[in-house]
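# Coordinate inspection notes
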Amino acid sequence: MTRLAASLTALALLGLSLGCAAEDPGEASPPEVTGAETPEPAAPDVAAVYATIGDPGPQGDTLVAARTDVAARVELHESVIDDDGSARMVELEDGIEVAAGEGVTLERGGLHVMLMGLETELAEGDTYELTLAFARGGEVTVDVDVVPTVGGHGEHGEHGEHGDHGDHGDHGEHGDHGEGEGRDDDAG
Amino acid sequence: MTTRARPLALGLLALGLLLLAGCDAGATERLEAGEDGVFGVALEEPVAKPDVVLTDHHGEPFDLRAETDGELTLAFFGYASCPDICPVHMANLTSVFDRLPSTITDRINVLFVTTDPARDTPEALEVFMGSFDDDFVGLTGDLDDIVGLMTDLNLPRPVFEEPDDDGFYEVGHPAQVLAFLPDDDHAHYAYPWGTRQSDFTHDLRALVDGVAAARD
């Protein structure tokens, strides 16, 4: 083999190995998304999506965008309460950080995906697809359950936690999602 | 109405609650019952129910004092195009109402006053209120009247964000629910975002006959 051919071969192998590194699932798979749900909207034009985003791995990740066919626009939001007691929503243009080793929870009164300009009526029991785009892990499409407006398990019931998400099993998607049924948290 | 606005006091209250909540608006608020046995956060100074006439979600005039005279009345200020805090507050209160007997709930008013009357017409509010307890009342009116009402109640004013390209805008609104007592038709307690349903349920039972009865 000539010196030139050897160099070309080395370059080709280098290129192959770099290509493989970029496609390594360990480096580039999106975090697991579970329990994606939307309370049946009370208003016809807007809706919120809550979900649990799992551990993205040691390097962390960022949810940078979301899209769905059911809404004209989708933004990443956080509800905040200012010092004067005023509640407002902030659009997170830099995305939502998914902490290494932890993940992040999108929940009522906090981080959420906001759908604006609903193009499909969302009723309790419906399911629709939402695609989440992560800076490092790429995209994942999950099924979002439309749950009751009242009585959802994210309400501030006695237990007030977001655990106990059921599993619908294999929908052929990356994300499993939680049961949409309400839970009577409070014996009153 | 002569009550002086005390935004600083409410601001400090809100700040304190925020610190208590660990700055996590989604946290479930664990309120401590005060000396009076009530979980709601006692206002430093009770505030008289303002004298204002609004329009309910059926399009009928709603004289606040006349309609709620001598009855436990909860008031929340928000808007229908708010997807997160507003419907969750109303859903929580609906769940609380579901757990109380009608002998109690029939004597309690729950009012959802819009901070966005331009979009929240009676018709829009009727759609929104349709998701919650049938007895809850959605109220709209002139923005000036609503801002005046909020100012009288020492609440932060609505904050209108710039409309986006589609004309959609968001509105900052108070996060808490105010409770007016039957004794004197004054607001005595605030319930911050995240108040647990069990705490609401306890307090509504206790306060439906007035704060004097709650102390017994």
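In this text the structure is predicted, and so the values were computed from the model without any measurement.

Assigned secondary structure in chain A consists of 2 helices and 10 strands. Along the chain direction, N to C, the helices and strands of chain A fall in the order α-α-β-β-β-β-β-β-β-β-β-β. A total of 188 residues make up chain A; the buried ones form 40% of that total. Counting only contacts in chain A whose residues sit at least 6 apart along the sequence, the fraction spanning at least 24 positions is 71%.

In this section: the overall build of chain B. Of the regular secondary structure elements, chain B holds 8 helices and 10 strands. Put simply, chain B has 216 residues, and 52% of those count as buried. Considering only intrachain contacts with a sequence separation of at least 6, the fraction spanning at least 24 residues in chain B is 73%.

Moving on, we get to the nonpolar core. In this structure, A:Val49, B:Ala179 and B:Leu207 are the most contacted members of the largest nonpolar core, which totals 98 residues. For this core, the leading source of residues is helix α3 (residues 85-98) of chain B, giving 8 residues. Once you skip the residues sitting within four places of it in the chain, A:Val49 turns out to touch A:Ala36, A:Thr38, A:Leu106, A:His112, A:Val113, A:Leu115, A:Leu130 and A:Val144.

Residues and elements named next belong to chain B. Even without a glycine there, the phi angle at Asn154 is positive, about 60°. The topology assignment puts Asn154 in the loop between α6 (143-152) and β7 (159-160). The class for Asn154 is buried, based on 25 C-beta atoms found within 10 Å. Although it is not a glycine, Asp185 sits at a positive phi angle of roughly 55°. Within the fold, Asp185 resides in the loop between β9 (177-180) and β10 (186-191). Assessed through the 17 C-beta atoms surrounding it within 10 Å, Asp185 is described here as partly exposed.

Bringing the sheet that holds β9(B) into the picture now. Residues and elements named next belong to chain B. The 8 strands lie next to each other as β1-β10-β9-β4-β5-β6-β2-β3, forming an open sheet whose pairing is mixed. The outermost strands of the open sheet, each flanked by one partner alone, are β1 (41-48) and β3 (61-63). On average, each strand axis in the sheet is inclined to that of its neighbour by 35°, with strand direction left out of account. The strands touched by α3 are β4 (72-78), β5 (108-114) and β9; relative to β4, the strand with the most contacts, the crossing angle is about 160°.

Here strand β5 (residues 86-91) of chain A runs beside strand β8 (residues 171-174) of chain B; their pairing, made up of 2 bridges, is antiparallel. For A:Ser86, the partnering residue across the bridge sits in β8(B) and is B:Pro174. Where β7(B) lies against β8(B), 2 bridges are found, and the strand directions are antiparallel. Bridging from a neighbouring strand, B:Phe160 pairs with B:Val171 of β8(B).

As a further point, take the pairing of strand β9 (residues 127-134) of chain A. Where a strand is regular, its side chains alternate between the two sheet faces. Residues and elements named next belong to chain A. Residues Tyr128, Leu130, Leu132 and Phe134 of β9 are buried on one face, while the alternating residues Thr127, Glu129, Thr131 and Ala133, pointing to the opposite face, are not. Relative to β9, strand β3 (residues 61-67) is paired through 4 bridges, and the arrangement is antiparallel. In the sheet register, Ala65 faces β9, and the bridge partner there is Ala133. Sheet analysis places β9 next to strand β10 (residues 138-147), joined by 8 bridges and oriented antiparallel. From the neighbouring strand, Ala133 faces β10, where its bridge partner is Glu139. Remark: 3 residues form the turn of the hairpin made by β9 and β10, two consecutive strands paired antiparallel.

Moving on, we get to the environment of B:Arg99. Residue and element names in this part refer to chain B. Secondary-structure assignment places Arg99 in the loop between α3 and α4 (102-105). The exposure class of Arg99 is partly exposed, given the 18 C-beta atoms found within 10 Å. In this structure the C-alpha to C-alpha distance between Arg99 and Ser198, which are 99 residues apart in sequence, comes to 9.5 Å.

Our focus in this paragraph is the packing of α3(B) against helix α7 (residues 197-207) of chain B. All names here are of chain B. Across the interface, α3 lies against α7 with an axial gap of 9 Å and an inter-helix angle of 55°. Our classification of the angle between α3 and α7 gives oblique. Between α3 and α7 lies a crossing whose hand is right-handed. Judged by residue contacts, Asn92, Leu93, Ser95 and Val96 of α3 engage Gln197, Phe200, Thr201 and Leu204 from α7. In terms of residue class, the contact of α3 with α7 is built from 4 nonpolar, 4 polar and no charged.

This part takes up α7(B). Residue pairs spaced three or four apart in an α-helix point in one direction, given the helix's 3.6 residues per turn. Taking burial as the measure, the 11 residues of α7(B) include 10 buried ones, the bulk of the element. Among all positions of α7(B), only B:Gln197, B:Ser198, B:Asp199, B:Phe200, B:Thr201, B:His202, B:Asp203, B:Leu204, B:Ala206 and B:Leu207 are buried.

The next point concerns the confidence of the model for chain A. Residues and elements named next belong to chain A. The predicted model of chain A averages 78 in pLDDT, with 66% of residues at 70 or higher. In the model, residues 11-26 has pLDDT below 50 throughout and makes 2 contacts with residues more than four positions away in sequence or in other chains. Per-residue pLDDT stays below 50 along residues 158-188; that stretch engages in 62 contacts with residues further than four places along the chain or on separate chains.

Rules used in this analysis
Residues numbered from 1 in each chain as written. Chains lettered and ligands numbered in written order. Predicted model: local features only at pLDDT ≥ 70, side-chain atom pairs only at ≥ 80, totals over all residues. Helix = DSSP H or I, 4+ residues; strand = E, 2+ residues; numbered from the N terminus. Buried ≥ 20, exposed ≤ 12 C-beta atoms within 10 Å, placed from the backbone. Contact = placed C-beta atoms within 7 Å. Core = buried A, V, L, I, M, F, W, Y, C linked by C-beta atoms within 7 Å. Pairing = 2+ DSSP bridges. Axes fitted to C-alpha atoms, helices over the stretch in contact; angles between N-to-C directions. Parallel < 35°, antiparallel > 145°, perpendicular 65-115°, else oblique. Left-handed = near helix turned anticlockwise from the far one by under 90°. Nonpolar A, V, L, I, M, F, W, Y, C, P; charged D, E, K, R; others polar. pLDDT = per-residue confidence, 0-100.

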